[in-house]
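Chain by chain, the residues run as shown.
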Amino acid sequence: MNLPDRTVLDNGAVLIAQALPSNPFVAFRGSVPAGMTSEEAPGVAEFLSHLLLSGTKRMSAGKLADRLEGIGATLEFRNSEEALVFQGRCTKETTAESVRLLIECLSRPAFPPREVERVRTELLNDLRLSLDETRYRAARRLSELVFPGNHPYGREPRGSEVRIRRTSRKTILEFHDAHVGPEGLILSIAGDVDRDLVEEAVAGPLSKLPATNEPPSPIPPPPAFRARSAWIPMPHKSQVDVAVGGPAVPRRHDDFYALYLANLLFGRIGLFGRLGHNLRDEQGLAYYAYSSLEARTAGGMWSISAGVNPANLERTIRGIREEIDRLRTDPFSLEEIADGKDNQVGSLIVSLERNAEVASELHRMEYYGLGMDFLERYADLVRELPEERVRQVARAYFDPDRASMVVAGPMGRIRVPL
Amino acid sequence: MATHVESLDNGLKVILRPLPDAKALSCWVSYRIGSRNEVPGITGSTHWVEHMLFKGGGKLKKGDIDKLVSRLGGKMNAFTDTDYTTYFETIPASAMDTALMIESERMRNAAFDPKEVEAERTVVISEREGAESQPEFLVEEELWGLAFHVHPYHWTPIGYKQDLAALDRDPLYAHYLRYYAPNNAYLVLVGGFDPAVAMQHVREAFAPLKPEPAPPPMRLVEPEQRGERRSDLRRPGAADFLAAGWHIPAFAHADTPALILLAGVLGGWRGFTRFAAGDWRSRSNRLYRALVEGKLATDVSMRHELKVDPSLFLADVTLAGGASLDRVEEVLDAEIARLQKTPPSKAEIERAKGQVRAWHQFERDGVTFQGILLSSGEALASWDAWDELVGRIDRVRPEQVRDVARRYLVEEHRSVVRFHAQEVPR
């Protein structure tokens, strides 16, 4: 793969393009800094993301849907902790029209009052449905415990039922006008594209986006963490979800690559690494038991997630604790670390086999400032990681004394510590 | 796209699609065995067997499959459907032999260690319990159970919990030996390879495997439904759900292209395979306009379940808070009646066809998705079934869409499940 083309447009937007002619269509992904970190009224970023396909000043929601789907294109908007994210697919022939519609949605949304009310209904329903899921409840509460003090990395994206009911069209409009524009916008595009198409169909319309939005404000660091536990009884469910986790590092932190590898070995590689081997493979306790690492601009979080029968809850918590402790008593072997490094290097090919995956990775490279040569350097970054560093960060971050635990489901009277 | 198809002497069908620029390769081995081949008492056995085939046997010790694929940075998984079971690895193209070795060992030499079978019992039960926590699963299971009284589509591939609790190792192993043979399987390779070289490697890995007597054909046929069937579930939950299913013919039937456009017009199109669309939802369709824009629902889908045997045309609705199930049913009925009376406009049909064509391109994004397409097509009819179907869809006229709505979306052939969310206990 050649290095991607990166262009900074006059209005500040950044465009990254990668030609991959073997997959005969185009995938794109992008973001503007209009996520939860930019909102003053919790829930407004989520509201906005649901309304951007609800019509523009020129086109009703129905007409917009007909136009997009009539040319066989897809376009989605999603709120995240730091940004409003968008993605889509189209053919080479419909790229110009698709990008034009994307820019129209971003720059000229109409927020029709009827659609605002429809989205309000949708958000209320979605929130109620999420709060009825054991996995969601456990994960959400864990995020709140790891990022306390209403930090945007920790709070419920929809705010609350009260917030959803109170959010006004005016608040959404003001949030949009202040934060959606070319300043901080990134658009990556991969697939059946060439230089002419990118310049005419993408850069041209994108450069006309008026520079009106505020520069993104710095993201506050997460507040101090204190390990806690929470039990959320949901007696009508058949499964208990356990979530354990604690603070990790920002994406650009020196420990990131070592911790990424440690997390892979701990709860991801193959059928969920050491955790899956113990809880699923050996003890047969859970269909899923894995760990995750989220690393964002200003902070990060590691977590463990397992869904089990209530009768197996104590054994599961004990098993999780055993595996965390084993990082100290039985650190990763040279063979485990070598396997993990091979996995990471090999995954460069396998995880970038689709246009959509390439567009997503290009976006990540630009968003975190990793450089357009990141994929070329990645194998060396992994290979050069000292084994002892991987073991050391595993011990330092997967620390049972610095971990919170949440259990959601029909756990009865069981209350056991990690 | 150039595709090479050949069968080995032992009956294994090999489908090779070389993509010269691809650096990865996806290897899929599928078996013509799904939950439609089960009988009451052993429901879920096909899916449990699938789980057991990650636990080694033959040249592979427990954990080896994981290790071999992980070291390559590869991805792997398996799926048990009603009609077929499929296993895949996507790995760097240079490692083709690793995938072929794993799959040839998996085909005949799985260990089925009794201790491992027992450990996996709680895993599959846990998978089921996780699903049971979702009202949508309960509704879906109820609907298929209601619509099919004789045919094994009556149960879902995960099986019943009581069967999973009681099944022994020996019937599972017998199920494996009976259906996992080269003459009941096909192999798909997509990616960066030379087809002649790949074929040689496939022969080396699979030609020594002996065929088995062909499994007996599944003969159960669902009798015609003689009146609407309904079920009301009352359980704790956060929203009401409505699901309706109408009997429709098997995939191979001449009406399938018009039924696909009917699904597109009513509920939008999201591709032939289940993973391609991700979270994307169509908004340019009649039910979205009537139910979601009408604030009666927050989600609606209409889909044609493409299966080997006669199947269901399904509507699923998540109701908005305060909306009534009766009102949603009325609107659904009215939209169907409208389509039964007047064919969709030419513009509407052309939009639906355009969506099918575009999704057919999107679904070929990368070697893994192409592997899914070829494998699922072969399970239903032929590896090129989707390409052929897209051509047939292009020739459908608006009147044909109206006609299939009249023929199949009738009350006496319909089953309806209504989920009445009850207050969640605190």
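Residues numbered from 1 in each chain as written. Chains lettered and ligands numbered in written order. Predicted model: local features only at pLDDT ≥ 70, side-chain atom pairs only at ≥ 80, totals over all residues. Heavy atoms only, no water.

Bringing the overall build of chain A into the picture now. From N to C terminus, chain A includes 15 helices and 11 strands. Here chain A has a C-alpha radius of gyration of 23 Å; the compact-globule value for 418 residues is 22 Å, and the two agree. In terms of principal-axis extent, the alpha carbons of chain A reach across some 60 × 50 × 35 Å. Buried residues in chain A amount to 62% of all 418 residues. For chain A, the proportion of contacts with a sequence separation of at least 24, taken over those separated by at least 6, is 81%. As displayed, chain A offers around 16000 Å² of accessible surface, 49% of which is attributable to carbon and sulfur atoms. Here chain A holds 53 positive side-chain charges and 58 negative ones, and the gap between their average locations is 7 Å. (Helix = DSSP H or I, 4+ residues; strand = E, 2+ residues; numbered from the N terminus. Rg over C-alpha atoms; globule rule 2.2 N^0.38 Å. Buried < 20%, exposed > 50% of the residue type's maximum accessible area, 1.4 Å probe, protein only. Contact = heavy atoms within 4.5 Å. Areas by Shrake-Rupley, 256 points an atom, 1.4 Å probe, with all protein chains shown as cover. Lys, Arg positive; Asp, Glu negative; His and termini not counted. Charge placed at Lys NZ, Arg CZ, Asp CG, Glu CD.)

Looking only at helices and strands, chain B has 15 helices and 11 strands in total. Expected size for 426 residues packed as a compact globule is a radius of gyration near 22 Å; at 22 Å, chain B falls within 12% of this value. With respect to the three principal axes, the spread of C-alpha positions in chain B is 60 × 50 × 40 Å. Among the 426 residues that make up chain B, the fraction classed as buried is 64%. If you take every contact in chain B between residues at least 6 apart in sequence, the share linking residues at least 24 apart comes to 81%.

With that settled, the discussion passes to the sheet that holds strand β9 (residues 286-295) of chain A. Residues and elements named next belong to chain A. Taken together, the five strands give an open sheet; going across it, the order is β7-β11-β8-β10-β9, and neighbouring strands pair in mixed fashion. In the strand order of this sheet, the two ends are held by β7 (229-233) and β9, each with one partner. The average undirected angle you get between the axes of adjacent strands in this sheet is 10°. Bridge count for strand β8 (residues 240-247) against strand β11 (residues 404-409) is five bridges, and the pairing is antiparallel. Opposite Val244, over in β11, you have Met405 as the bridge partner. Of the strands in this sheet, β9 and β10 (300-308) are in contact with helix α10 (residues 269-282), which crosses β9 at around 160°. (Pairing = 2+ DSSP bridges. Axes fitted to C-alpha atoms, helices over the stretch in contact; angles between N-to-C directions.)

Looking now at the sheet that holds strand β1 (residues 4-7) of chain B. Either a parallel or an antiparallel arrangement is found when strands of a sheet pair, and the pairing is made through backbone hydrogen bonds. Residues and elements named next belong to chain B. A sheet is described by the order of its strands in space; here six strands give the open sequence β1-β2-β6-β3-β5-β4, paired in mixed fashion. A strand with exactly one partner marks an edge of an open sheet, and here the two such strands are β1 and β4 (75-80). In this sheet, adjacent strand axes meet at a mean angle of 15° when their direction is disregarded. Strand direction decides the pairing type here: β4 and strand β5 (residues 85-92), joined by six bridges, are antiparallel. From the neighbouring strand, Ala78 faces β5, where its bridge partner is Tyr87.

The predicted coordinates of low-pLDDT regions are not to be read in fine detail. Taken as a whole, chain B shows an average pLDDT of 96; of its residues, 100% reach a score of 70 or greater. Model confidence for the complex is summarised by a pTM of 0.94, with the ipTM given as 0.92. (pLDDT = per-residue confidence, 0-100.)

Bringing the environment of B:Phe272 into the picture now. All names here are of chain B. Mapped onto the elements of the fold, Phe272 is located in the loop between α9 (256-267) and α10 (286-292). Overall, Phe272 belongs to the buried group, its relative accessible area being 11%. What Phe272 contacts, discounting residues up to four positions off in sequence, is Ile260, Leu306, Val356, His360, Glu363, Trp386, Leu389, Val390 and Ile393.

Attention now moves to the pairing of strand β9 (residues 297-304) of chain B. Examined bridge by bridge, β9(B) and strand β10 (residues 311-319) of chain B share seven bridges and lie antiparallel to one another. Following the sheet pairing, B:Ser301 is matched in β10(B) by B:Asp316.

Take the layout of surface pockets next. In this model, the second largest pocket occupies a volume close to 570 Å³. Elements supplying a minimum of two residues to the lining of the second largest pocket: α10 and α12 (334-350) of chain A together with α2 (64-71) of chain B. Residue contributions to the lining of the second largest pocket peak at eight residues, all from α10(A). Here the lining of the second largest pocket is built from residues that sort into four nonpolar, six polar and 12 charged. (1 Å grid on protein atoms, 1.4 Å probe; cavity = no way out; pocket = protein on both sides within 12 Å on 5 of 7 lines; lining within 4 Å. Points joined across faces, edges and corners; volume = space filled by probe spheres on them. Nonpolar A, V, L, I, M, F, W, Y, C, P; charged D, E, K, R; others polar.)

This paragraph deals with helix α7 (residues 169-179) of chain B. Residues and elements named next belong to chain B. Of all the positions in α7, only Leu172, His175, Tyr176 and Tyr179 are classed as buried. Burial along α7 is one-sided: seen end-on, the buried residues are contained in an arc of 100°. As for α7, its buried residues are in contact with β3 (24-31), α1 (45-52), α3 (96-108) and α4 (114-132). (Arc of directions from axis to C-beta.)

It is worth spelling out the pairing of strand β6 (residues 186-191) of chain A at this point. All names here are of chain A. Of all six residues in β6, six are buried; the element is thus mostly enclosed. Along β6, one buried face is formed by Ile186, Ser188 and Ala190 and the opposite face, lined by Leu187, Ile189 and Gly191, is buried too. Pairing geometry for strand β2 (residues 14-19) and β6, over six bridges, is parallel. Paired with Gln18 across the strands is Ala190, a residue of β6.

Listed per partner, the contact involves 68 residues of chain B and 63 residues of chain A. Of all residues in chain B, B:Arg283, B:Phe362 and B:Asp365 give up the largest surface area on contact with chain A, accounting jointly for 13% of the area buried on that side. On the surface where chain B and chain A come into contact, there are 12 salt bridges. A salt bridge links A:Arg280 to B:Glu120; the nearest nitrogen and oxygen atoms lie 3.5 Å apart. Contributing elements (two or more residues each) for the side of chain B that touches chain A: α2, β5, α4, α10, β10, α12 (346-362) and α13 (367-380) of chain B. No other element matches α4(B), which puts 10 residues into the side of chain B that touches chain A. Considering only residue class, the side of chain B that touches chain A consists of 25 nonpolar, 22 polar and 21 charged. (Buried area = accessible area lost by both parts, 1.4 Å probe. Salt bridge = Lys/Arg side-chain N within 4 Å of Asp/Glu carboxyl O.)

Another aspect to go through is the state of the cysteines. Overall, the coordinates contain zero disulfides over all chains when judged by the stated rule. Unpaired in this structure, A:Cys90 has its nearest cysteine sulfur neighbour in A:Cys105, at a distance of 13 Å. (Disulfide = S-S within 2.5 Å.)

All right, on to the pattern of salt bridges then. Side-chain pairs of opposite charge can arise whenever the charged atoms involved come near each other. Residues and elements named next belong to chain B. Under the counting rule described, the total for this entry stands at 84 salt bridges over all chains. When the shortest N-O distance is used, the salt bridge between Arg230 and Glu329 registers 2.4 Å. In this pair, Arg230 is assigned in strand β7 (residues 229-236) and Glu329 in helix α11 (residues 325-341), connecting sequence segments 99 residues apart. Here Arg230 falls in the partly exposed class, since its relative accessible area comes to 36%.

Another aspect to go through is the packing of aromatic side chains. Overall, the coordinates contain 30 aromatic pairs over all chains when judged by the stated rule. Taking 4.7 Å as the distance between ring centres and 40° as the angle between the ring planes, the aromatic pair formed by A:Phe266 and A:Phe398 counts as tilted. On the criterion of sequence distance, the pair formed by A:Phe266 in helix α9 (residues 256-267) and A:Phe398 in the loop between α15 (387-397) and β11 is long-range, its members being 132 residues apart. Each of the two residues, A:Phe266 as well as A:Phe398, counts as buried. The ring of A:Tyr288 carries A:Arg135 above its face, with NZ or CZ at 3.8 Å from the centroid. Lying over the aromatic face of B:Phe54, B:Arg106 brings its terminal NZ or CZ to 4.5 Å of the ring centre. (Phe/Tyr/Trp six-rings, centres within 6.5 Å; stacked < 30°, edge-to-face > 60°. Lys NZ or Arg CZ within 6 Å of the ring centre and 35° of its normal.)

If you look at the biggest cluster of nonpolar residues, it comprises 137 residues, and the most contacted ones within it are A:Trp302, A:Phe332, B:Trp246, B:Leu262, B:Phe272, B:Leu291 and B:Phe313. Setting aside chain neighbours within four positions, we find B:Leu262 in contact with B:Phe313, B:Leu339, B:Val401, B:Val404, B:Ala405 and B:Leu409. Core analysis: the second largest hydrophobic core is formed by 51 residues, A:Phe77, A:Val119, A:Val193 and A:Leu209 among them. (Core = buried A, V, L, I, M, F, W, Y, C linked by side-chain atoms within 4.5 Å.)

All names here are of chain B. Here the structure, examined in full by the defined rule, presents four cavities of 30 Å³ or more. If you add up the space inside the second largest cavity, you get close to 80 Å³. Every residue lining the second largest cavity is listed: Arg17, His360, Arg364, Leu373, Leu374, Trp383, Asp384, Ala385, Trp386 and Asp387. Only α13 and α14 (385-394) provide two or more residues apiece to the lining of the second largest cavity. With three residues, the top contributor of residues to the lining of the second largest cavity is α14.

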